[in-house]
Amino acid sequence: NQNTVLAAVSTLYDCINELFIDVKINPFRISEIAVAIEHMDLLKEFLPKEEKSLVVFDKNYAGIRLIDHMIESNLSFLIRVSTGRYKREREMLTKENPDQWIDVKYDATRLNHYKDDRHFYNKLSKTTYKLRFVKLFTTNSKNEPQEDYFVTNISDGDFPYESIYDLYHLRW
């Protein structure tokens, strides 16, 4: 229908206090990552310097541009990783060692996705990201075994392996 209006709604929600911190209504075709970065900039201004927060994202947000922004902004994150991202790092996680800090480097293949943004391309080529990858063994709605992957910058001292699943599900 020619009269249909579409929009994209994005929210920054405090799961503990059950409070919307920011709500954005944008044109339907907008980068979710760009909007998430706007939310993070607002969060950084909104929170007192001594306050800690943890931002939880679903798997569409596991790109390095958002991760880089979170690290640069000194914000903690927990992001579910889709099967198409961080394949090398996911393959390093085993049943015996499902929680590891891994150095992530961007080689020519990975850098190719950012060739149109020379500034970010150059930054990625010179940066090593030390990220924590976690592999959880869970079951799906049919009670079948499944593996869920996460990337974070929170320490295992603050949030041990056993707490990652519960942290992620706070967002539901």
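Residues numbered from 1 in each chain as written. Predicted model: local features only at pLDDT ≥ 70, side-chain atom pairs only at ≥ 80, totals over all residues. Heavy atoms only, no water.

**Notes on the overall build of the protein**
Across its full length, the protein carries six helices and seven strands. For the protein, the succession of helices and strands along the chain, N to C, is β-β-α-β-α-β-α-β-α-α-β-β-α. By the compact-globule yardstick of 16 Å for 172 residues, the protein fits well, its C-alpha radius of gyration being 17 Å. Seen through its C-alpha atoms, the protein measures out along the principal axes to roughly 55 × 45 × 40 Å. Of all 172 residues assigned to the protein, the portion counted as buried reaches 37%. (Helix = DSSP H or I, 4+ residues; strand = E, 2+ residues; numbered from the N terminus. Rg over C-alpha atoms; globule rule 2.2 N^0.38 Å. Buried < 20%, exposed > 50% of the residue type's maximum accessible area, 1.4 Å probe, protein only.)

**So, helix H1 (residues 32–46)**
Here H1 spans 21 Å end to end across 15 residues, near enough to the 21 Å set by a 1.5 Å rise per residue. All of the buried residues along H1 are Ile33, Val35, Ala36, Ile37, His39, Met40 and Leu43. Turning to H1, the residues buried within the fold contact strand S1 (7–14), strand S2 (19–27), strand S3 (54–57) and helix H2 (64–72). (Expected span 1.5 Å × (residues − 1). Contact = heavy atoms within 4.5 Å.)

**A word on the pairing of strand S7 (residues 145–152)**
Alignment of strand S4 (residues 76–81) against S7, held across four bridges, turns out to be antiparallel. Within S7, the position partnered with Val81 by the bridge is Tyr149. Judged from the eight bridges that link them, strand S6 (residues 128–139) and S7 form a sheet pairing that is antiparallel. The partner of Phe133 across the bridge, within S7, is Val151. Hairpin remark: S6 followed by S7, antiparallel, with five residues in the connecting loop; positive phi at Asn143, about 65°. (Pairing = 2+ DSSP bridges.)

**Thoughts on the pattern of salt bridges**
Scanning the entire structure with this criterion turns up 12 salt bridges. The closest approach of N and O atoms between Glu72 and Lys123, which form a salt bridge, is 3.2 Å. Of this pair, Glu72 sits in helix H2 while Lys123 sits in helix H5 (residues 118–126), placing them 51 residues apart in sequence. In this structure, the salt-bridge partner of Lys130 is Asp103, at a minimum N-O distance of 3.5 Å. Note that Lys130 is positioned in strand S6 and Asp103 in strand S5 (residues 99–105), a separation of 27 residues in sequence. (Salt bridge = Lys/Arg side-chain N within 4 Å of Asp/Glu carboxyl O.)

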